[in-house]
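Analysis of the macromolecular model
The residues making up each chain are set out below.
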Amino acid sequence: MSVEPLSVALEAALVRELVRAYEWANHARFRERLKLPVIALVDMSSRLGHWVPKGRRLELARSFVLERPWPEVISVLEHEMAHQFVDEVLEVREESAHGETFRRVCEERGIDARAGGPPIAAYSADGDRVLDRIRKLLALAASANQHEAEIAMRRAHELMLRHNIEDAAARADQAYEVRYLGDPSKRGTRVESLIVGLLAQFFFVKAIRIPVYLPRLGKRGNVYELVGTRANVEMAEHVYAFLLSTCERLWRDNRGDARVRSGRDRLSYQIGVINGFHDKLSAERKELRGTGLVWVGDQKLDGYYHARHPRITTRHERIRLDGAHAAGREAGRKVVLHRPMEQGSSGGTRLLR
């Protein structure tokens, strides 16, 4: 596949960014035990990346680096670094390229041993069936009858909770998928950040904001990474798109509220919507605890997530509690999550899939 080449300046900047990513991974994953090789972009179609011992070259396919999301590029970079580690540090050369030692090195460091694109594990047929049942319940939650809609949403919430409690206890192997949300070319908002936090708290995924590089623009940006089972990341991706559009709709519909003074209150109002929906989910979760459904977490997912992200920092931001926020919070408590949009219709949220 031919791709439009970068200018000399942009390609040089891209290689510098790859070196920077290599140095970070060497520190975070390999404890500085690797020595920087020649990192080169090459025109090859049979491989995404290649560690070449002779000449100490770490090669990445130019078309792959330019056309695929940055997290996938870094996944392949770290995959080749694992090959370098096995070759130069452990000096294991009698095994096959993806033999036992290589797989162990990858597993210990949260590296995708496959690295053929986005990290995806085996799908669960049971998870797909549960997702279909949840979709049907959320279709009922679109009912014009508020009482019926509320009941359907509560049943969907209960089904998600019950399935994940049982699935986390029974799962023997890793079965997780990674998705990316957001537009890295735009500055993220506090509303997006709160939605992602809500996903991590109530929708059985781990979430983190990660930096990415945009080779054709020569600049950095950020996206949100979701990690979880296929059913859970599918649902979380829908909720993200649903809440973003709901915030916009409620803002347009409630501009007549006396507590909303001007367009400058938009952010405060929409933050209130998310906090109100958070209140609603918290109340439902409390009710479900009374039935014996208690979510204690997924230790396997926690381990997988922390292996992928060995350096995690947490940041807290203040929220302005004014009249617009109170109005949004009231509206958010009435939001009913309903049927996910069809595949590919989430309007921008699949940008980095």
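Our subject is the structure that appears above.
As a starting point, this report considers the structure included with it. (Residues numbered from 1 in each chain as written. Predicted model: local features only at pLDDT ≥ 70, side-chain atom pairs only at ≥ 80, totals over all residues. Heavy atoms only, no water.)

Moving on: the sheet that holds strand β4 (residues 177–181). In space, the three strands of this open sheet follow the order β4-β6-β5, with antiparallel pairing throughout. For this open sheet the edge positions go to β4 and β5 (206–214), each flanked by a neighbour on one side alone. Going across the sheet, the axis of each strand differs from the next one's by a mean of 35°, ignoring polarity. Packed on one face of the sheet, helix α3 (residues 70–89) meets β4 and β5 and runs near 90° to β5. This element, helix α7 (residues 190–202), spans β4, β5 and β6 (219–228) of the sheet and lies at about 20° to β6. (Pairing = 2+ DSSP bridges. Helix = DSSP H or I, 4+ residues; strand = E, 2+ residues; numbered from the N terminus. Axes fitted to C-alpha atoms, helices over the stretch in contact; angles between N-to-C directions. Contact = heavy atoms within 4.5 Å.)

Position of E59 among the secondary structure elements: in strand β3 (residues 57–61). E59 gets classed as buried once you look at its relative accessible area, which sits at 14%. At a separation of 3.0 Å, a polar atom in the side chain of E59 contacts the side chain of R57. When residues no more than four places from it in sequence are discounted, the contact partners of E59 are A40, V42, M44, L48, G49, H50 and V52. (Buried < 20%, exposed > 50% of the residue type's maximum accessible area, 1.4 Å probe, protein only. Polar contact = N/O pair within 3.5 Å; in protein donor to acceptor, adjacent residues only side chain to side chain.)

Moving on to the pairing of strand β1 (residues 38–42). For β1, the tally of buried residues reaches four of five residues, placing the bulk of the element in the interior. In this sheet, β3 lies alongside β1 in parallel orientation, the contact comprising five bridges. Considered in β3, the bridge of V42 is made with A61.

What follows covers the layout of surface pockets. Approximately 1600 Å³ is the volume found for the largest pocket. For the largest pocket, the lining is made up of 48 residues, of which I208, R209, I210, P211 and T313 are closest to its centre. Element by element, the count of residues in the lining of the largest pocket is highest for α7, at eight residues. For the lining of the largest pocket, the class distribution of residues is 22 nonpolar, 13 polar and 13 charged. (1 Å grid on protein atoms, 1.4 Å probe; cavity = no way out; pocket = protein on both sides within 12 Å on 5 of 7 lines; lining within 4 Å. Points joined across faces, edges and corners; volume = space filled by probe spheres on them. Nonpolar A, V, L, I, M, F, W, Y, C, P; charged D, E, K, R; others polar.)

A sheet is described by the order of its strands in space; here three strands give the open sequence β1-β3-β2, paired in mixed fashion. Among the strands making up the open sheet, the edge pair consists of β1 and β2 (49–52). The mean inter-strand angle of the sheet, taken between neighbouring strand axes irrespective of direction, is 20°. Summarising the sheet, β2 and β3 pair through four bridges and their orientation is antiparallel. Along β3, the bridge assignment pairs G49 with L60.

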